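Here are the chains, one letter per residue:
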Amino acid sequence: MVAGAVFVPPTAEALIVDPSEVGLPLRAEALFGRACPLELELGVGKGRFALAWAQEHPDLGLLGVERARKYLDLAALRAARLGLANLRLVHTTAEDLLFRCLAEGSIAAVHVYFPDPWPKKRHHKRRFFRPDNIARLGAVMAPGALLRVKTDHAEYAGIISQLVSASGLFQAVPADEVFAPIPPTHFELKYQAQGRTVYRFAWQRRG
Ligand SMILES: C[S@@+](CC[C@H](N)C(=O)[O-])C[C@H]1O[C@@H](n2cnc3c(N)ncnc32)[C@H](O)[C@@H]1O
């Protein structure tokens, strides 16, 4: 901060952005008023991970997307209380954000924690990890960008791993190292307390 300047904490409303009003494609400069690495969290829920990660890394800009308005509002309220200036939230679907709002090669890292597994076979088509979404993820991520994924659902974990590998766009990297600094999410804490297995994957965008 400039000497003598007064820090004005963001309001919850100011942290929720309408992509069309910010200008498309979304860029760190327009979102945060400065150039910085732009990271994504898809499905932020109540924001436990997003808030902790943004707070620990003031150097980066984190853009979170969540389709459930009540969770998004809660995350924004908590972020405003913390005075987080490097987090913005978008109320839409991950698919809309990826396909309509982001430029190719503009994203430095992507976090997808506990995506809805849609366990019933007739609902599998609703799953986020599908070949078209994975291809678009690869397109918006810069070469070398990390994609981190966690799920508690064994069958979905296998599908995610298989589809991401089959895309040819990503190189698997050892999970222990890249997950070491990652704070747990709300669902993760719940599942850990229940003794459930959590599957973690990390890939680097080739290129
Ligand atoms: C199982 S919860 C996990 C929330 C959080 N990541 C965590 O680990 O605590 C999945 C979240 O993703 C959101 N979600 C599911 N599909 C989505 C989509 N296509 N676009 C955006 N959000 C989505 C849901 O509303 C829900 O908040």
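Residues numbered from 1 in each chain as written. Predicted model: local features only at pLDDT ≥ 70, side-chain atom pairs only at ≥ 80, totals over all residues.

Caption draft 1: Inspection of the packing of helix H4 (residues 48-56) against helix H5 (residues 69-82) at higher detail. At a minimum axis distance of 10 Å, the contact between H4 and H5 shows a crossing angle of 25 degrees. Relative to H5, the element H4 is oriented roughly parallel. As for the relative orientation of H4 and H5, their crossing is right-handed in sense. Contacts from Ala 50, Leu 51 and Gln 55 of H4 reach H5 at Ala 75, Arg 78, Ala 79 and Leu 82. (Axes fitted to C-alpha atoms, helices over the stretch in contact; angles between N-to-C directions. Helix = DSSP H or I, 4+ residues; strand = E, 2+ residues; numbered from the N terminus. Parallel < 35°, antiparallel > 145°, perpendicular 65-115°, else oblique. Left-handed = near helix turned anticlockwise from the far one by under 90°. Contact = placed C-beta atoms within 7 Å.)

Caption draft 2: View of the pairing of strand S2 (residues 61-66). Counting buried residues in S2 gives six out of six residues, a clear majority hidden from the surface. What you see with S2 is no split at all: Gly 61, Leu 63 and Val 65 on one side and Leu 62, Gly 64 and Glu 66 on the other are buried throughout. In terms of strand pairing, S2 meets strand S3 (residues 87-91) through five bridges, oriented parallel. Its bridge partner being in S3, Glu 66 is matched across the sheet by His 91. Crossover connection from S2 via H5 to parallel S3: handedness right-handed. (Buried ≥ 20, exposed ≤ 12 C-beta atoms within 10 Å, placed from the backbone. Pairing = 2+ DSSP bridges. Right-handed = clockwise from strand over helix to strand, strands pointing away.)

Caption draft 3: Spotlight on unusual backbone geometry. Here Leu 24 and Pro 25 are connected by a cis peptide whose omega angle stands at -5 degrees. You can see Pro 25 is positioned in the loop between helix H2 (19-22) and helix H3 (28-32). In this structure, Trp 118 takes a positive phi of about 40 degrees despite not being glycine. By the secondary structure assignment, Trp 118 is in the loop between strand S4 (107-113) and helix H7 (131-140).

Caption draft 4: Molecular detail of the nonpolar core. Counting residues in each nonpolar core, the largest one holds 55 residues, and the members touching the most others are Ala 50, Leu 87, Leu 89, Ile 107 and Val 110. Excluding anything up to four places from it in sequence, Leu 87 contacts Leu 15, Ala 50, Ala 54, Leu 62, Gly 64 and Ala 79. (Core = buried A, V, L, I, M, F, W, Y, C linked by C-beta atoms within 7 Å.)

Caption draft 5: Here's a closer look at the packing of helix H6 (residues 94-101) against H7. The N-to-C vectors of H6 and H7 enclose an angle of 50 degrees; their axes lie 10 Å apart at closest approach. Here H6 is positioned oblique relative to H7, judged by the angle of their axes. For the element pair H6 and H7, the recorded crossing hand is left-handed. Of the residues in H7, those touching H6 at Glu 95, Leu 98 and Phe 99 are Asn 133, Arg 136, Leu 137 and Val 140. Residues belonging to the contact of H6 with H7 are distributed by class as follows: four nonpolar, one polar and two charged. (Nonpolar A, V, L, I, M, F, W, Y, C, P; charged D, E, K, R; others polar.)

Caption draft 6: Representation of the sheet that holds S4 within the structure. Taken together, seven strands build an open sheet; the order of strands is S3-S2-S1-S4-S5-S7-S6 and the sheet is mixed. The open sheet has two edge strands, S3 and strand S6 (170-172), and neither has a second partner. The mean angle between the axes of side-by-side strands here comes to 20 degrees, regardless of whether they run parallel or antiparallel. Two strands pair when backbone bridges link them, and S6 and strand S7 (residues 199-205) are joined in this way by three bridges, in the antiparallel orientation. Within S7, the position partnered with Gln 171 by the bridge is Gln 204. Of the strands in this sheet, strand S1 (38-42), S2, S3 and S4 touch H4, which is tilted by about 175 degrees from S2.

Caption draft 7: Local environment of the site of the ligand. For the ligand, the set of nearby residues contains 18 residues, the closest of which are Gly 43, Gly 45, Thr 185, His 186 and Phe 187. Every element with two or more residues in the shell around the ligand is listed here: S2, H6 and helix H10 (186-193). Examining the composition of the shell around the ligand, we find that three residues originate from one element, H10, more than from any other. (Near = placed C-beta within 6 Å.)

Caption draft 8: How the structure looks around helix H8 (residues 154-167). The terminal C-alpha atoms of H8 lie 20 Å apart, and with 14 residues this matches the ideal 20 Å at 1.5 Å per residue to within 8%. Considered for burial, the residues of H8 that qualify are Tyr 156, Ala 157, Ile 160 and Val 164. Taken around the axis of H8, the buried residues stretch over an arc of 105 degrees, which confines them to a single face. Among the exposed residues of H8, those pointing more than 90 degrees away from its buried face are Ala 154, Glu 155, Gly 158, Gln 162 and Ala 166. Contact partners of the buried residues in H8: H7, strand S5 (141-151), S6 and S7. Gly 168 occupies a position one or two residues after H8 and carries a positive phi of about 75 degrees. (Expected span 1.5 Å × (residues − 1). Arc of directions from axis to C-beta.)

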